[in-house]
Amino acid sequence: MYCPEEIEGVLLTEEKIKAKVSELGELLTREYAEKNPLFICVLKGSVVFFADLIREIKCPLEISFLRASSYGSGTVSSGNVQFSVGANIDMRGRHVVIVEDIMDTARTLFALKNELLKREPESLKIVTLLDKPSRRVVSGFSADYEGFAIDDLFVVGYGLDCGEKFRNLPYIGILRQQGTYCT
């Protein structure tokens, strides 16, 4: 297994991630059978999770992508949420699922959900692979579907990055000396 020196250890193995993604796919298949849902990938970090997840969903669906961020450079959220939704997606009357890699403060997802609700979807739910509830600043906000609750660690791999590095790791690792390698 490829493990760069910047990685302190493996938090979630490739096998654990695959099992959880399969489980989430089964839940979402039951939830959205015969509803033709629209799954929206929050770029860039969610792309690996998104690709694996939609292949586990056994019903018709559509996909779209958007960019959302509250991070500038480095490892600390700026608190200023910016996002762009592509191609004027028509969500009116649709069942929409936002797919996110990690939810910590929840600022980004809270702002995104409020913006997308203006487009009048029939329903709007959030699935996140990782949840850091100890970092939540948006009180009472949670994902509808969650893969793993984790401690307040800076994690990379499986699409998650630090300074655009480590996205290609097939597991989720803990970054050694948080932030040192992200410049």
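Residues numbered from 1 in each chain as written. Predicted model: local features only at pLDDT ≥ 70, side-chain atom pairs only at ≥ 80, totals over all residues. Heavy atoms only, no water.

Any chance you could explain the overall build of the protein chain here in plain terms?
The helix and strand inventory of the protein chain stands at three helices and nine strands. In sequence order, the protein chain lays out its α and β elements as β-α-β-α-β-β-β-α-β-β-β-β. Taking all 183 residues of the protein chain together, 47% fall into the buried category. Carbon and sulfur atoms form 47% of the exposed surface of the protein chain, whose accessible area is close to 9100 Å². (Helix = DSSP H or I, 4+ residues; strand = E, 2+ residues; numbered from the N terminus. Buried < 20%, exposed > 50% of the residue type's maximum accessible area, 1.4 Å probe, protein only. Areas by Shrake-Rupley, 256 points an atom, 1.4 Å probe, with all protein chains shown as cover.)

What should I look at first to understand the pattern of salt bridges in this one?
Applying the stated rule across the entire model yields 14 salt bridges. As a salt-bridge pair, K20 and E23 come within 3.4 Å of each other at their nearest N and O atoms. Of this pair, K20 and E23 both sit in helix α1 (residues 14-32), separated by three residues, roughly a single helical turn. Since its relative accessible area comes to 18%, K20 is described here as buried. Taking the shortest distance from any N to any O, the salt bridge between D131 and R136 comes out at 2.5 Å. (Salt bridge = Lys/Arg side-chain N within 4 Å of Asp/Glu carboxyl O.)

What exactly am I supposed to notice about the pairing of strand β2 (residues 38-43) here?
Two faces make up the sheet, and in a regular strand the side chains alternate between them. Counting buried positions along β2 gives five out of six residues, so the element sits mostly inside the fold. Inspection of the sheet shows β2 paired to strand β5 (residues 95-103) by four bridges, in the parallel sense. For L38, the partnering residue across the bridge sits in β5 and is V96. (Pairing = 2+ DSSP bridges.)

Any chance you could explain unusual backbone geometry here in plain terms?
Most peptide bonds take the trans form, and the phi angle of most residues other than glycine is negative. L43 connects to K44 through a cis peptide bond whose omega is 0 degrees. Summarising the element assignment, K44 is placed in the loop between β2 and α2 (47-56). A positive phi angle is found at E120, which is not glycine, with a value near 60 degrees. Relative to the assigned elements, E120 resides in the loop between α3 (107-117) and β6 (123-131). E120 sits in the partly exposed class, given a relative accessible area of 46%.

Can you walk me through the packing of α1 against α2 in this structure?
Two quantities define a packed helix pair, namely the angle between the axes and the distance from one axis to the other. Contact geometry of α1 with α2 gives a least axis separation of 8 Å together with a crossing angle of 50 degrees. On the basis of the axis angle, α1 is oblique to α2. Considering only the axes of α1 and α2, their crossing is right-handed. Residue-level contacts link V21, S22, L24, G25, E26, L28 and T29 of α1 to F49, D52, L53 and E56 of α2. (Axes fitted to C-alpha atoms, helices over the stretch in contact; angles between N-to-C directions. Parallel < 35°, antiparallel > 145°, perpendicular 65-115°, else oblique. Left-handed = near helix turned anticlockwise from the far one by under 90°. Contact = heavy atoms within 4.5 Å.)

Just to check I follow, could you spell out the sheet that holds strand β9 (residues 172-175) for this structure?
Sheet strands pair via backbone hydrogen bonds, and the direction of the pair is either parallel or antiparallel. Here three strands make up an open sheet; going across it, the order is β1-β9-β8 and the pairing antiparallel. Here the strands that pair on one side only, and so sit at the sheet edges, are β1 (7-12) and β8 (155-156). As paired elements, β1 and β9 share four bridges and run antiparallel to each other. Residue pairing for β9: L12 is matched across the bridge by I172.

Mind showing me how you'd approach α1 here?
Note: α-helices contain 3.6 residues per turn, so residues at a spacing of three or four share the same orientation. Between its first and last C-alpha atoms α1 spans 26 Å; for 19 residues at 1.5 Å apiece the expected length is 27 Å, and the two agree. Turning to α1, its buried residues number three or more, namely I17, K20, V21, L24, G25, L28, T29 and Y32. After α1 finishes, the residue E34 shows a positive phi value of roughly 65 degrees. (Expected span 1.5 Å × (residues − 1).)

Please explain a nonpolar patch on the surface as it appears in this structure.
Judged by side-chain polarity, V47, I63 and F65 come together as a nonpolar surface patch covering roughly 230 Å² of accessible area. Take F65: it is sitting in strand β3 (residues 62-71). (Patch = residues over 30% accessible without salt bridge, like charges linked within 9 Å, V, L, I, M, F, W, Y side chains within 5 Å.)

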